[in-house]
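# Descriptive analysis of the structure
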Amino acid sequence: MNKPREEIQILEELEALAISPGFVHAVAQLCFRDNVIHIQGELKPEDMDWLFSKERLIRTELTTVIGLMAKKPLDLVQQRPEVIQGYVKRTDALMKELHDAMSYPMFAAMLDAAKSGDAVPNPWHGPGMREPIFYGTESAYAFQYRDLVPEKYGADDEWILKNKGFTSGQARTVAKTMCSLMDQKVTRLLVESRTAKAPPSTWLPAFEFSQEEVTFHSGVAKEVVDAFFRTFTCSGDNAGFKEAGDFNEVAAWPLLPTGRGTVLLFSHYAVLEALYESPFFWMWEDKAYRSMAAKHRGAFTEQFAARRLSGVFGRDHVHTNVNLFRGKDVAGEADVLVIYGDRLIIVQAKAKKLTISARKGNDKKLKADFAAAIQDSYDQGWLCANEMLAGGCRMVNDVGNEIALPESVKEVFLVSLVSDHYPALAFQVKQSLKFGTTDVIRPPFVMDVFLLDTLTEMLASPLRLLSYMKLRVDATDKLMSGHELTVLGYHLRQNLWLDEEHVLVMLDDSIARDLDTAMMVRRDSLPGADTPTGILTKMRGTLYESLIKQIEDRADPATLELGFHLLSMAEDSCRDVHSLLETMTRKTQIDGKRHDVTLASSTDPSGVTFHCNPKPSVEAVATLENHCVRRKYTLRAPRWFGISIGPASDVQFGVTLDFPWEASDEMERSTADMKALLQVRDALPKFVRDARRMKLGRNDPCHCGSGIKYKKCCMP
């Protein structure tokens, strides 16, 4: 590729354009074009398509343009439509050129290596990291910034009120009101333009606010709104903003004074992100309060993680600030520890950010920031995991209670958690994180509080969340994506299970649009589907889903492993499980006898035997285990599962066999008369047909398990 102009040249031309007469009207048009979602009726995933277009300007680009415009007092003079369109067109062209300039170091390194015949070096360091950092996908949804503010800063409200004139909750209300007013104003202009069959002369009124109207609509006292406006209004000339990565004042102070008693705010995201990020920096400047602010910041991250994980696993399974003692010495500390069945999740929380010099491509600072924010927390988690597995540790939580580990730990998941936006986090983890694994300790899962919030919202049950974590860390070396939300969106659509033929999977950010839609419906109370179509919806109301739920409620290691196996199945296999359970339980209800059916796979040797017993017993446990042992041997499978259910599809007990297959003369004799395993697709039709031939009498117990006679229950 041809070498583009230097960034500084492009930004100088963009700055000259940004201070042109009436350029602010072009900014308003760009923000309307690139930030507004058009909804008719319910919010649908396709309504989000424009947000993933390569043609729109993303938030960091718009903030750059606004920051350059803010170097001079705003010129609000209205210009002719063709002038504004010229501004918009030239802005788009310059921002594309800026993207090319930022991408050039990466392509240049590859080109030089190709010319010299050398191996292509890793381009993702120093200047090569500026592009993914600047253009990376946003970490948080705007509503997450909005809703987490009181939780993050509630403990600091006394300081904020004294020094700024409002509490975190009041600030949230004011910001939320401004966002709501912006939506109303945009909608009004759209309706008027459609009635007039012509676009408005300017979109600027949609982004202009007075203190009086915000006071009226928010219900917050005038002096509080005044204090909010003073705090978040940009009053400088942004002179230090000279290149991408420099501190941009409009990111911290997103309200721009018009000079006529009003301010401009160009997006929801701008004010909500500033509200979430800025208070810590205010408090940091107060040396007397600095240590307390840091303490509260760290506590927020840990408490948030514990709260969200407790909502999934239950409070009894989640422990905070767990000290590991060897004798009197503290061998390690886990910020949050989840114990569920024979699985552990160790969360190590950090409140570290990517510094400005790192964002600008300083390789030394990039590495130092990553070490402080991610590598250190992973290393602490790794230490804790090994201490726990070594045995002999006494574990005590933050209220002095001792915590016991399960007798045998099957898997440990290490989570490194950051509290703030960390640009290109997934990308940097893939490039820089040094980690180890064992048979029990899985590869790490690095995330921010916003991803944890979304994960626990959409995968709100223990088995679902643990299953996703298993699949995600298994795919560490196979997946490339701009953000973890993209990976989660893919999983919700069709399950993240990747077979061996997939060497590398690249996911486009647009895959997350269904997830984005569902989260907006849930958190912004918009009309629409609150769950993406896919693994959470397609099996609703089936016996397969009921079985999953019962396995979760038991938290029994023997059945937990089966739950993971069931969740890894494709949709067709899930429906087969429902049909088999329905048919098998129907048979037992009718004849009162024990029935079983097996699903097996020869491509990935494993299987599960479903046993339906009229009543659980010691004999039934032995019978199921013996049956599974023989089935496992016949298929030469390393793993086999068995589960016993009652006539009403209630889980009774489970068996998990997980050990390498070994040839045995005794087992050869024992399984000599065992019929060859049928694949489920072959076995299912006959099994179902046989059951359907069996008729329930009017006075027989109903097949639904209610205990009521068939004629008074489900008989049509």
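We now turn to the structure provided with this report. (Residues numbered from 1 in each chain as written. Predicted model: local features only at pLDDT ≥ 70, side-chain atom pairs only at ≥ 80, totals over all residues. Heavy atoms only, no water.)

The number of helices and strands found in the protein chain is 26 helices and 16 strands. What you see for the protein chain is a C-alpha radius of gyration of 30 Å, in line with the 27 Å of a compact globule of 716 residues. C-alpha extents for the protein chain along the principal axes are approximately 90 × 65 × 60 Å. Within the protein chain, the proportion of its 716 residues that are buried is 53%. Nonlocal contacts in the protein chain, meaning residues at least 24 apart in sequence, comprise 71% of its contacts between residues at least 6 apart. (Helix = DSSP H or I, 4+ residues; strand = E, 2+ residues; numbered from the N terminus. Rg over C-alpha atoms; globule rule 2.2 N^0.38 Å. Buried < 20%, exposed > 50% of the residue type's maximum accessible area, 1.4 Å probe, protein only. Contact = heavy atoms within 4.5 Å.)

Counting buried residues along strand β14 (residues 606-612), seven of its seven residues qualify, which places the element largely inside the surrounding structure. Neither face of β14 is left uncovered, since the one carrying Ser606, Val608, Phe610 and Cys612 and the one carrying Gly607, Thr609 and His611 both have all their residues buried. As paired strands, β14 and strand β15 (residues 639-645) are joined by five bridges and run parallel to one another. Each bridged residue has a counterpart across the sheet, and for Thr609 the counterpart in β15 is Gly642. (Pairing = 2+ DSSP bridges.)

What follows deals with a nonpolar patch on the surface. Taken together, the side chains of Met480, Val503, Leu504 and Met506 make up a nonpolar region of the molecular surface, amounting to roughly 410 Å² of accessible area. On the secondary structure map, Leu504 appears in the loop between α19 (484-494) and β12 (505-507). Accessibility expressed as a relative area gives 47% for Leu504, which makes it partly exposed. (Patch = residues over 30% accessible without salt bridge, like charges linked within 9 Å, V, L, I, M, F, W, Y side chains within 5 Å. Areas by Shrake-Rupley, 256 points an atom, 1.4 Å probe, with all protein chains shown as cover. Salt bridge = Lys/Arg side-chain N within 4 Å of Asp/Glu carboxyl O.)

Summed over the entire model, instances satisfying the criterion amount to 24 aromatic pairs. With 5.5 Å between their ring centres and 45° between their planes, Phe207 and Phe266 make a pair best called tilted. Placement of Phe207 in the loop between α8 (168-196) and β1 (208-209) and of Phe266 in the loop between β3 (263-264) and α12 (268-284) is noted, with a sequence separation of 59 residues between them. Phe266 carries the same exposure label as Phe207, and that label is buried. An aromatic cluster is present here, built from Tyr145, Tyr269, Tyr276 and Phe450 joined pairwise through their rings. (Phe/Tyr/Trp six-rings, centres within 6.5 Å; stacked < 30°, edge-to-face > 60°.)

Right, let's get into the pairing of strand β10 (residues 445-448). Neither face of β10 is exposed, since Phe445 and Met447 on one face and Val446 and Asp448 on the opposite face are all buried. Summarising the sheet, strand β9 (residues 411-418) and β10 pair through four bridges and their orientation is parallel. Counted as the bridge partner of Val418 is Asp448 from β10.

This part is about the sheet that holds β10. By definition, the strands of a sheet pair up through backbone hydrogen bonds, in either a parallel or an antiparallel sense. Taken in spatial order, the seven strands line up as β8-β7-β4-β5-β6-β9-β10 in an open sheet, and their pairing is mixed. Either end of the sheet is taken by a strand with one partner, and the two such strands are β8 (402-403) and β10. Inspection of the sheet shows strand β4 (residues 318-326) paired to strand β7 (residues 394-396) by three bridges, in the antiparallel sense. Across the sheet, residue Asn323 finds its bridge partner in β7, namely Val396.

With respect to topology, three strands assemble into an open sheet ordered β1-β3-β2, the strand pairing being antiparallel. With partners counted over all chains shown, the strands left at the sheet margins are β1 and β2 (256-257), one partner each. Where β1 and β3 come together, two bridges link them in antiparallel fashion. Paired with Phe209 across the bridge in β3 is Val263.

On to the pattern of salt bridges. Taken as a whole and judged by the stated rule, the model has 46 salt bridges. Where Glu138 meets Arg59, a salt bridge forms, and the shortest distance between an N and an O atom there is 2.5 Å. With a gap of 79 residues between them, Glu138 in the loop between α5 (130-135) and α6 (142-153) and Arg59 in helix α3 (residues 59-69) connect regions that are remote in the sequence. Taking the relative accessible area as the measure of exposure, Arg59 reaches 19% and is therefore buried. Between Arg343 and Glu561 there is a salt bridge; the shortest N-O distance is 2.5 Å.

Counting residues in each nonpolar core, the largest one holds 167 residues, and the members touching the most others are Phe228, Phe266 and Phe610. No other element matches the ten residues that α8 contributes to this core. Excluding anything up to four places from it in sequence, Phe610 contacts Leu547, Leu566, Val577, Leu581, Met584, His595, Asp596, Val597, Leu599 and Ile643. (Core = buried A, V, L, I, M, F, W, Y, C linked by side-chain atoms within 4.5 Å.)

Further remarks concern unusual backbone geometry. Unlike most non-glycine residues, Asn238 shows phi in positive territory, near 55°. When you line up the elements, Asn238 lands in the loop between α10 (222-232) and α11 (249-252). Given a relative accessible area of 1%, Asn238 falls into the buried group. Positive phi, close to 55°, is recorded for Ser525, a residue that is not glycine.

What follows is about the packing of helix α17 (residues 449-458) against helix α20 (residues 513-523). At a closest axis distance of 12 Å, the pairing of α17 and α20 adopts a crossing angle of 85°. Classified by the angle their axes make, α17 and α20 are roughly perpendicular. Between α17 and α20, the contacting residues are Asp453, Thr454, Glu457 and Met458 on the first element and Leu515, Ala518, Met519, Arg522 and Arg523 on the second. (Axes fitted to C-alpha atoms, helices over the stretch in contact; angles between N-to-C directions. Parallel < 35°, antiparallel > 145°, perpendicular 65-115°, else oblique.)

Turning to helix α9 (residues 211-218), a few remarks are in order. Buried residues of α9: Val214, Thr215 and Ser218, and no others. Considered in projection along α9, the buried side chains sweep an arc of 100° and stay on one side of the axis. Across α9 from its buried face, at more than 90 degrees, point the exposed residues Glu212 and Phe216. On its buried side, α9 packs onto α8, β1 and α10. Following α9 by one or two positions, Gly219 adopts a phi angle in the positive range, close to 75°. (Arc of directions from axis to C-beta.)

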